[in-house]
Amino acid sequence: HHEAAEYDVDIRDGEYLHGDTSSDGQPPVQDESTAANPTSKETTTKLIGNNDVNVGAVGSGVGLRVAIYWPDDNKHYNGTLQTYDAVAKKYYVKYDDGEADWEDLEKETYHILDDHVPFGDIAAGADAELEEEEESDDEVVQDGGRLAFCCQNCTCNNSETPVNLYSCVNSGSRDSIYGNIHLFHKGCCHNERGDVNTFKTPMQVNMEKGIFGKREHVQECSLTTIKDKHRNAMREETRVANEEFMAAEDSKIYASPVYAAHCKTFQQRKGTQISPLRVLELFSGIGSGTLALKKLRIPLDTVVHCDHDPIANEVCRFNHQRDGIKHVYIDTFEEIYGEGSEPDEYKVAKLVDDHGPFDLVLAGAPCSNYSGLNATKDASCANAQYLPNVGKLIAKLNSLQKKHGMKHGVLFLSENVVFKDFDDISICYGKLEPIRLDAKDFSPCKRSRFYWCNIPVDTEKYTNVASQVSVDYGDILDPGSGLLERLVYDCDEHFTVKTVKANTFLASLSKIDDDRMLKCSTGDCGRTNIKLEHYSVGERERMMGFPPSYVSRPLQNLFSEITTCAILQPETSADGKTYRDFMDKRFWHLRKKVTLQHYPKSEEPYFEIGIATPIENKQKLAFFTEEQYSKHLIGMGFSVCVVEALLEGLVDLFAKDLLRTYEGCDYSFPWEPYLSNHRERQKEEESATQSANEERQMRED
């Protein structure tokens, strides 16, 4: 019912935190009898416009009683301004009828009421109610204390342990550096019975261990061992790529009458698009599809991001903010599609009404049940249905939007791993067969994938050029890093490999740093013991086509915020302070959405945290450190250069003067100099060939 102050909307638990655009209705004019009635809650001493600076902008109105006009109901609703968010420039309004919401008073029509509530009363009583409803505040435990941040996402099995193991123990009695007697931990963390004299918090335990512990990232191996690792890596990579299938080929799609029909329709649309696109990005992860669109300078109005991983959503938010685009975040696919095998028409219609109509759908559905690495894969399980259900959702969007006057069908790009039996999947995409592309033809790393795409694409101009780009070209690798392949061949077989591609980056904890990801130090040839490391986060970002620190910077901020502000500072602070006194509010909700573990570390603060990803048909949680989570998210994302090539046809929909440059998205891939030089050589060769042909023709004449 209210217009959002920021183009950033978050939907949690099926409810909007920011509503839709308000109507243009005006508030009713009060008659004199109503205005003169001192008992009426809508009686006002002052009518304030939408641009009252003192109240609407800087937050001085905390404690005021207001009547806010709701145009849909054509009436005012009374409430109290309980707190103010200076970042969003919004008040938290507790309405008398029990509802509560964040409101931007600069965009609302409201009255200030007579019954002012002093700020002290608000501060004393309203904070707990606010955070319980909006921020889901700390659970209050004994003696007015509050649970630690990490204890609020405890996953212990209460049914197997006596209740007294779950008593809460304060962290201020063990050592002088832990002085927060109002911060409590669940005794179940380490099967303690709540004995105040023996209990140690997870942080204490791991700080003590960390002084003696050290995580080793570098290993030294002999050349013989390296050769074994290399052979094992090649075998694993074959399984990753499902190369035993190789079912679809690029050329096959071009002969498809379905694809030809899509191309014909698309050609008719060239240069006719005036309004910016509205995009639905399903299983959006870190927003790599949005990044590709922005890199292509496609004008965007709205992007609805749907992903169940709150950490991935934070990375997406960090990189796509203040860009003039309305970004909407939805936690689960089921909120859009419903729980059944067919799309819920009401839910889809609501999505279209709220944020559509949609011009483009991007999707990267979970692939574990189609991957050659999964020995127990089952294409009939619930997790495997996301891929065909994306196709069904696109069909439903087409049906609903055409009924409401949408002239063109929805454009789409849906990605998954390469697998053998895809006919049933293609039926869900209107009998359109997938294109099989490998990122090694576009970039320095492998990533063989299927793409169901109804946008015309010319892949040859990329395939014939970037396929020659090697991993160790230019500044792709970190300084001092070399390739295992060159070491193996040069040192033993005296054979020089011209082009080497990095193996596919995967997302699972067991695969993000396996033997396929090994590299060596330069100059190690001939040494007895050779230092081996895994590809770094920065190297993976560059090879996948992301701008510098696209993933690493937001995750560094997030892990630092949780480690320092949610755990370390509250544990060592004065009595009564919790994470709420230190931590950025936008991270508060994570304690209910993620699960933490503590690991010892050799440097201060002598511990680091691991965050568990959402469960996807897994038997147990997988905990990732900051570096591991960065690699995990990169492995989950699109190859930006491939998706950019597939979506490049969208540029032709717009006149050139409508294309838009986005800050931070006009970067070049690290291998662009190679491509530029290759294009120059191509032009020279073409020019020389043309001259030779002309000269031959003249002689013949």
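All chains use their own residue numbering, which begins from 1 and follows the written sequence. Given that the model is predicted, a residue must reach a pLDDT of at least 70 before its local features are reported, and side-chain atom pairs must reach 80 or more before they are shown or counted; all residues, however, enter totals for whole chains, interfaces and linings. Derived side-chain values reflect all non-hydrogen atoms in the structure, with water molecules and hydrogen atoms excluded from consideration.

Labels follow the DSSP assignment, with helices taken as runs of H or I lasting at least four residues and strands as runs of E lasting at least two, numbered in each case from the N terminus. What the protein contains, in helices and strands, is 20 helices and 25 strands. Type-normalised accessible area, obtained with a 1.4 Å probe on protein chains alone, sets the label of each residue: buried when under 20%, exposed when over 50%, and partly exposed for intermediate values. When burial is assessed residue by residue, the protein has 51% of its 701 residues classed as buried. By the convention used here, residues are in contact when the closest approach between their heavy atoms is within 4.5 Å. Counting contacts in the protein only where the partners sit at least 6 residues apart, residues at least 24 apart contribute 70% of the total. Only carbon and sulfur atoms are counted for the fraction: they give 48% of the accessible area of the protein, which is about 32,600 Å². For accessible areas, the Shrake-Rupley method is used with a probe of radius 1.4 Å. Any residue's cover is judged against the shown protein chains and nothing else.

Turning our attention to the pairing of strand β11 (residues 183-186). Put simply, side chains in a regular strand alternate between the two faces of the sheet. Two strands qualify as a pair provided DSSP detects at least 2 bridges between them. Pairing of strand β9 (residues 146-147) with β11, which is carried by 2 bridges, proceeds in the parallel orientation. For L147, the partnering residue across the bridge sits in β11 and is F184. Inspection of the sheet shows strand β10 (residues 168-170) paired to β11 by 3 bridges, in the antiparallel sense. Looking at the pairing, N170 lines up with F184 of β11.

A word on the confidence of the model for the protein. Looking at any residue, its pLDDT shows the predictor's confidence there, from 0 to 100. For the protein, per-residue confidence averages 76 on the pLDDT scale, and residues scoring 70 or more make up 71% of the total. Taken together, the stretch residues 1-54 has pLDDT below 50 and engages in 126 contacts with residues farther than four places along the chain or on a different chain.

Strand order in the open sheet formed by 3 strands is β23-β24-β25, with antiparallel pairing between adjacent strands. Each edge of the sheet is formed by a strand with only one pairing partner; in this case those strands are β23 (596-600) and β25 (623-624).

Moving on to the pattern of salt bridges. Here, a salt bridge means any side-chain nitrogen of Lys or Arg that lies within 4 Å of a carboxyl oxygen of Asp or Glu. Within this structure, the stated rule accounts for 22 salt bridges. When the shortest N-O distance is used, the salt bridge between E644 and K295 registers 3.7 Å. Within this pair, whereas E644 is found in helix α19 (residues 640-647), its partner K295 is found in helix α8 (residues 288-295), the two being separated by 349 residues in sequence. A relative accessible area of 13% means that E644 is categorised as buried. Of the charged contacts, one joins K396 and E345 as a salt bridge, the two residues approaching to 3.4 Å between their closest N and O atoms.

Now for the sheet that holds β10. Spatially, 3 strands are ordered β9-β11-β10 in an open sheet, and the strand pairing comes out mixed. The open sheet terminates on both sides in strands that have one partner only, identified here as β9 and β10.

For S443, the location among the structural elements is in the loop between β18 (435-438) and β19 (448-453). If we ignore the near neighbours within four places in the chain, the residues touching S443 are A466, V469, K501, M543, C641 and W671.

Quick look at the environment of Y386 now. The residue Y386 is located in helix α12 (residues 386-403) in this model. For the pair Y386 and A365, spaced 21 residues apart in sequence, the C-alpha separation works out to 5.8 Å. Of the polar contacts made by the side chain of Y386, one reaches the side chain of E334; its length is 2.8 Å. For this analysis, a polar contact is any N or O atom pair within 3.5 Å, provided that within protein one partner can donate a hydrogen and the other can accept it, and provided that sequence-adjacent residues contribute only side-chain to side-chain pairs.

Only buried residues count toward a nonpolar core, which is a set of Ala, Val, Leu, Ile, Met, Phe, Trp, Tyr and Cys residues joined through side-chain atoms within 4.5 Å. Counting 130 residues, the largest nonpolar core has L280, L282, I562, I611 and L650 as the members making the most contacts within it. Among residues more than four places away in sequence, those in contact with L650 are F266, L293, I298, L360, L411 and I455. Listed in part, the 14 residues of the second largest apolar core include Y77, Y91, Y95 and L105.

Another point: the packing of α8 against α19. Lines are fitted to the C-alpha atoms to define the axes, a helix being fitted only along its stretch in contact, and any angle between axes, read from their N-to-C directions, falls within 0 to 180 degrees. Put simply, α8 and α19 touch, their axes get as near as 9 Å, and they point 55° apart. In terms of orientation, α8 and α19 fall into the oblique class. By crossing handedness, the relation of α8 to α19 is classed as right-handed. Together, S288, L291, A292, L293 and K295 of α8 and V640, V643, E644 and L647 of α19 make up the contact between the two elements. Under this scheme an angle from 65 to 115 degrees is roughly perpendicular, one under 35 degrees roughly parallel, and one over 145 degrees roughly antiparallel; angles in between are oblique. By definition, any crossing whose near helix is turned counterclockwise from its far helix by less than a right angle is left-handed, and any crossing with a clockwise turn is right-handed.

In this section: the packing of helix α11 (residues 345-355) against α12. Where α11 meets α12, the closest approach of the two axes is 10 Å, and the angle between their N-to-C directions is 65°. In the crossing of α11 with α12, the sense of the turn from one axis to the other is right-handed. Two secondary-structure elements touch here, α11 through E345, V348, A349 and V352 and α12 through L393, K396, L397, L400, Q401 and K403. Per-class residue counts for the contact of α11 with α12 are 6 nonpolar, 1 polar and 3 charged. Put simply, Ala, Val, Leu, Ile, Met, Phe, Trp, Tyr, Cys and Pro go in the nonpolar bin, Asp, Glu, Lys and Arg in the charged bin, and everything else, Gly too, in the polar bin.

As a further point, take the environment of K498. Assignment of secondary structure puts K498 in the loop between α15 (484-493) and β21 (518-521). Beyond its immediate chain neighbours, meaning those up to four positions away, K498 contacts S470 and R486.

A few words now on helix α17 (residues 552-571). Here the expected length of a helix is defined as 1.5 Å per residue gap, with one fewer gap than residues. With 20 residues, α17 should cover 28 Å at 1.5 Å per step; its first-to-last C-alpha distance of 27 Å lies within 8% of that length. Values of bend correspond, residue by residue, to the angle between axes fitted over the seven residues ending at that residue and the seven starting there. The axis of α17 is deflected most strongly, by about 25°, at T564. Taken residue by residue, α17 has P554, L555, L558, F559, E561, I562, T563, C565, A566, I567, P570 and E571 as its buried positions.

What follows is about unusual backbone geometry. Between G356 and the following residue, P357, the backbone shows a cis peptide bond with an omega angle of 0°. Position of P357 among the secondary structure elements: in the loop between α11 and β16 (360-363). With an omega of 5°, the peptide bond between E604 and P605 qualifies as cis. Along the chain, the position of P605 falls in the loop between β23 and β24 (607-612). The backbone of R297 shows a phi angle near 70°, a positive value even though the residue is not glycine.

Of all 10 residues in helix α9 (residues 310-319), 8 are buried; the element is thus mostly enclosed. Along α9, the residues classified as buried are P310, I311, A312, N313, E314, V315, C316 and R317. The opening residue of α9, the one whose side-chain oxygen lies 2.9 Å from the backbone nitrogen of I311, is D309.

This next bit is on the pairing of strand β6 (residues 90-95). Burial analysis of β6 places 6 of its 6 residues in the buried class, which makes it a mostly covered element. Across the two faces of β6 the burial is the same, with K90, Y92 and K94 and Y91, V93 and Y95 all buried. Inspection of the sheet shows strand β5 (residues 75-85) paired to β6 by 6 bridges, in the antiparallel sense. For G79, the partnering residue across the bridge sits in β6 and is Y95. Bridge analysis of β6 against strand β7 (residues 100-103) gives 4 bridges, and the strand direction is antiparallel. Within β7, the residue paired with V93 across the bridge is D101. The hairpin formed by β6 and β7 contains 4 residues between the paired strands, and G98 there has a positive phi angle of roughly 105°.

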